[in-house]
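Okay, here's what each chain looks like letter by letter:
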Amino acid sequence: MAEPGTATQLSPASVFDRDSVAVVTGASRGVGRAVARSFAAKGLRVMLAARSADDLRALDDELTARHGDGRVAHARCDLRSADDIGRLADATREHFGGCDVLVSNAGIGWYKPFLEHTTGEIDDLVRVDLTAPMLLAHAFLPGMIERRRGLIVHVASDLARRFLPKMAPYVAAKFGLLGFSGSLLREVKEHGVKVTTVLPGLIDTSFGGDDPSAEGSRDDSWALRPEELAARIADLLELPPHVVIDELAVHPLHQDF
């Protein structure tokens, strides 16, 4: 981990530097927390967003102790709320002046038959997994286009390209997110903005609930560690300006595709 005051670890080829700002949703645990740690270690300033204020504050304190004051901020944000997303964008501009890298990582889902999903669950899932990434991009894209520099990362799922029973609403939202990401890339790349969709396989994080104790329960031989996926996402920062990775599929070797 970088110590306070250390120079950026980004490569000379990167368009990002210590003045760059990353917004990470779902940052309080799992992949989002790991991404925030990786980005901060590479020298970026980071805005943390999630629903759990206590967890956000703890991570903010941890990263500030490692990387120095003024490098990290946090904002409680319920991604089901368009107003909360607007407040997150305002807080990011207030603290850092704008956003150069947006990681839409937060997601929810349940493994159960379709008819066992309540209408409220379906609505919440679509709002968090599909609508929120679109609203976040809508909020932060103008600044990226103005600066002719930006990266939007959508953490989807390998289920964005295959079907699975008992997860129909989740799969539908991830299919939609992949479609949005690919279409958006082709719209904004002429402005210097890249869009990458990450399609991970099974990850060792809690899913379908708010119990963080589930993280760490899956065997290393068949599940991705959050830190492993975060490292691959952080690698996107190192790409030369003329290179974009449209889709990044990452799986544990022994996953049965």
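This write-up is about the structure you can find in this document. From a predicted model like this one, the values you see are computed outputs, not experimental measurements.

**Observations regarding the packing of aromatic side chains**
Counted according to the given criterion, the structure contains one aromatic pair. Note on Phe163 and Phe175: the rings are 5.6 Å apart at their centroids and 10° apart in plane angle, and the pair reads as stacked. One end of the pair, Phe163, is in the loop between β5 (150-155) and α5 (168-188); the other, Phe175, is in helix α5, and twelve residues separate them in sequence. Overall, Phe163 belongs to the exposed group, its relative accessible area being 72%.

**Considerations on the sheet that holds strand β6 (residues 193-200)**
As summarised here, the arrangement of the seven strands in space is β3-β2-β1-β4-β5-β6-β7, forming an open sheet in which the pairing is parallel. Sheet topology places β3 (72-76) and β7 (247-250) at the edges, where each strand pairs with a single neighbour. This sheet shows a mean twist of 15° between the axes of neighbouring strands, independent of strand direction. Sheet analysis places strand β1 (residues 21-25) next to strand β4 (residues 101-104), joined by three bridges and oriented parallel. Each bridged residue has a counterpart across the sheet, and for Val24 the counterpart in β4 is Val103. Across the face of the sheet, helix α2 (residues 53-67) comes into contact with β2 (45-50) and β3 while running at roughly 175° to β3. Helix α3 (residues 82-96) contacts β1, β2 and β3 of the sheet and is inclined by roughly 160° relative to β2.

**Some thoughts on helix α6 (residues 226-235)**
Residues of α6 that are buried: Pro226, Leu229, Ala230, Ile233 and Ala234. All buried residues of α6 lie within an arc of 140° about the axis, which places them on one face of the element. Buried residues along α6 sit against α1 (30-41), β5, β6 and β7.

**Notes on the packing of α1 against α6**
Relative to each other, α1 and α6 sit at 50°, their axes nearing to 8 Å. The angle between α1 and α6 places the two elements in the oblique class. Once α1 is placed against α6, the crossing between them reads as right-handed. Here α1 contributes Gly30, Val31, Ala34, Val35, Ser38 and Phe39 to the contact with α6, which in turn contributes Pro226, Glu227, Leu229, Ala230, Ala231, Ile233 and Ala234. Partitioning the contact of α1 with α6 into residue classes produces ten nonpolar, two polar and one charged.

Here is what the cut-offs are and how they apply
Residues numbered from 1 in each chain as written. Predicted model: local features only at pLDDT ≥ 70, side-chain atom pairs only at ≥ 80, totals over all residues. Heavy atoms only, no water. Phe/Tyr/Trp six-rings, centres within 6.5 Å; stacked < 30°, edge-to-face > 60°. Helix = DSSP H or I, 4+ residues; strand = E, 2+ residues; numbered from the N terminus. Buried < 20%, exposed > 50% of the residue type's maximum accessible area, 1.4 Å probe, protein only. Pairing = 2+ DSSP bridges. Axes fitted to C-alpha atoms, helices over the stretch in contact; angles between N-to-C directions. Contact = heavy atoms within 4.5 Å. Arc of directions from axis to C-beta. Parallel < 35°, antiparallel > 145°, perpendicular 65-115°, else oblique. Left-handed = near helix turned anticlockwise from the far one by under 90°. Nonpolar A, V, L, I, M, F, W, Y, C, P; charged D, E, K, R; others polar.

Just distances and angles here, no functional claims.
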